[in-house]
Amino acid sequence: MSYTIRRATHEDKPEWLRLRQGLWPDAPADYLSLDLDRLLADPDAGVFVASDSSGRLVAFIETRLRAYAEGCETSPVGYIEAWYVDPHVRGQKLGRDLIHTAENWAREKGCAEMASDTWLDNDPGIEAHYKLGYWEVDRLVHFVKKL
């Protein structure tokens, strides 16, 4: 199957939101929609979507510039903030193509490094990063205490 990857536009917001809900199913839709306009307008952010041959969005990647990322030696750093491919199109190298698109965007922004993160229990996501040439630099456990 062929896919088209391009910059996201305001017209993509409903389908982009649907994909974000696939990535973060426990987050309320109104929360996930809060920063869509800001991301589209931010020159230090790149949002790319992939559509199938019918024009339906099936994947996205959100990346931005950060001053710092764990394990990196340069600044700014390209950072993969969100990356999602609909389950029915996984395994077709679309995720890889989205990562390459984000990496090219970061290179164009002057970055020499790209960083990312995922949950400790996201074994498929961790494996996908390894396959794409990323390596683990740190593990983090968050704590909270009610006062």
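Reference entry: report on the structure contained in this document. Note that the structure is a prediction, hence the values are computed from the model and not measured. For every chain, the first residue of its written sequence is number 1, and the numbers climb from 1 along that sequence. It should be noted that, the model being predicted, local features are given only for residues of pLDDT at least 70 and side-chain atom pairs only at 80 or more, the latter also being counted only at that level, while totals for whole chains, interfaces and linings use all residues. Side-chain descriptors were evaluated using all non-hydrogen atoms of the structure, hydrogens and water having been removed beforehand.

So, the overall build of the protein
Applied cut-off: In this description a helix means any DSSP run of H or I spanning at least four residues, a strand means any run of E spanning at least two, and both kinds are numbered starting from the N terminus. We compute the radius of gyration from the C-alpha atoms alone; for a globule the expected value is 2.2 Å times N to the 0.38, where N is the number of residues.
Tallying secondary structure elements over the protein gives five helices and five strands in all. Along the chain direction, N to C, the helices and strands of the protein fall in the order β-α-α-α-β-β-β-α-β-α. Compactness check: the protein gives a C-alpha radius of gyration of 15 Å against a globular reference of 15 Å for 147 residues, within 12% of the reference. Viewed in the frame of its principal axes, the protein has a C-alpha envelope of about 45 × 40 × 30 Å.

A word on helix H1 (residues 13–23)
Quick note on the threshold: Burial here depends on accessible area, computed with a 1.4 Å probe over protein chains only, as a share of the maximum for the residue type. Under 20% is buried, over 50% is exposed, and the range in between is partly exposed. Throughout, the arc means that of the directions going from the helix axis to the C-beta atoms. Should any heavy atoms of two residues lie within 4.5 Å, those residues are considered in contact.
Of all the residues in H1, the buried ones are Trp16, Leu17, Leu19 and Arg20. Looking down the long axis of H1, one finds its buried residues gathered within 160° of arc, a one-sided arrangement. Against the buried residues of H1 lie helix H2 (29–32), helix H3 (36–41), strand S2 (45–51), strand S3 (57–66) and strand S4 (77–85).

A look at the environment of Ala50
Mapped onto the secondary structure, Ala50 falls in strand S2. Considering only alpha carbons, one finds Ala50 and Ile61, eleven residues apart in sequence, at a separation of 8.8 Å. In contact with Ala50, other than residues within four places in its own chain, are Thr4, Ile5, Arg56, Leu57, Val58, Ala59, Leu94 and Leu98.

Regarding a nonpolar patch on the surface
Defined as follows: In this analysis, a patch consists of residues with relative accessible area above 30% that form no salt bridge, clustered at 9 Å for like charges and at 5 Å for the nonpolar side chains Val, Leu, Ile, Met, Phe, Trp and Tyr. Note on areas: these come from Shrake-Rupley sampling with a 1.4 Å probe, and a residue is covered only by the protein chains present in the view. The term salt bridge refers to a pairing of a side-chain nitrogen on Lys or Arg with a carboxyl oxygen on Asp or Glu at a separation within 4 Å.
Nonpolar side chains collect at one region of the surface, where Leu120, Val141 and Phe143 lie side by side and expose about 360 Å² of accessible area between them. Using a relative accessible area of 77% as the deciding quantity, one classes Phe143 as exposed.

Considerations on the state of the cysteines
This is how it is decided: Here, a disulfide means two cysteine sulfur atoms that sit within 2.5 Å of each other.
Overall, the coordinates contain zero disulfides when judged by the stated rule. We note that Cys111 lacks a disulfide partner, and the nearest cysteine sulfur, in Cys72, lies 9.3 Å from it. Of the residues examined, Cys111 reaches a relative accessible area of 9% and is grouped as buried.

Focus: the packing of aromatic side chains
Where two aromatic rings form a pair, the distance of their centres and the angle of their planes describe that pair. Just so we agree on the cut-off: Classification of ring pairs rests on two measures: the distance between centres of Phe, Tyr or Trp rings, Trp counted by its six-membered ring, which must be within 6.5 Å, and the angle between planes, read as stacked under 30 degrees, edge-to-face over 60 and tilted in between. We call a charge positioned above a ring when the Lys NZ or Arg CZ atom is no farther than 6 Å from the ring centre and deviates by at most 35 degrees from the ring normal.
Taken as a whole and judged by the stated rule, the model has one aromatic pair. Note on Phe60 and Tyr84: the rings are 6.4 Å apart at their centroids and 40° apart in plane angle, and the pair reads as tilted. You can see Phe60 sitting in strand S3 and its partner Tyr84 sitting in strand S4, a full 24 residues away along the chain. The exposure class assigned to Tyr84 is buried, which follows from its relative accessible area of 9%. The side chain of Arg66 reaches across the aromatic face of Tyr79, ending 3.5 Å from its centre.

Observations concerning the pattern of salt bridges
Applying the stated rule across the entire model yields 13 salt bridges. Of the charged contacts, one joins Arg20 and Glu62 as a salt bridge, the two residues approaching to 2.7 Å between their closest N and O atoms. Here Arg20 is found in helix H1, whereas its partner Glu62 is found in strand S3, with 42 residues between them in sequence. On the basis of relative accessible area, Arg20 is assigned to the buried category, the value being 3%. According to the relative accessible area criterion, Glu62 is buried, its value standing at 4%. Arg139 serves as the salt-bridge partner of Glu136, at 2.7 Å between the closest nitrogen and oxygen. Residue classification places Glu136 among the partly exposed positions, given a relative accessible area of 38%. By relative accessible area, Arg139 is classed as partly exposed at 46%. Each member of the salt-bridge network shares a partner with another, and the members are Arg20, Asp35, Arg38, Asp42 and Glu62.

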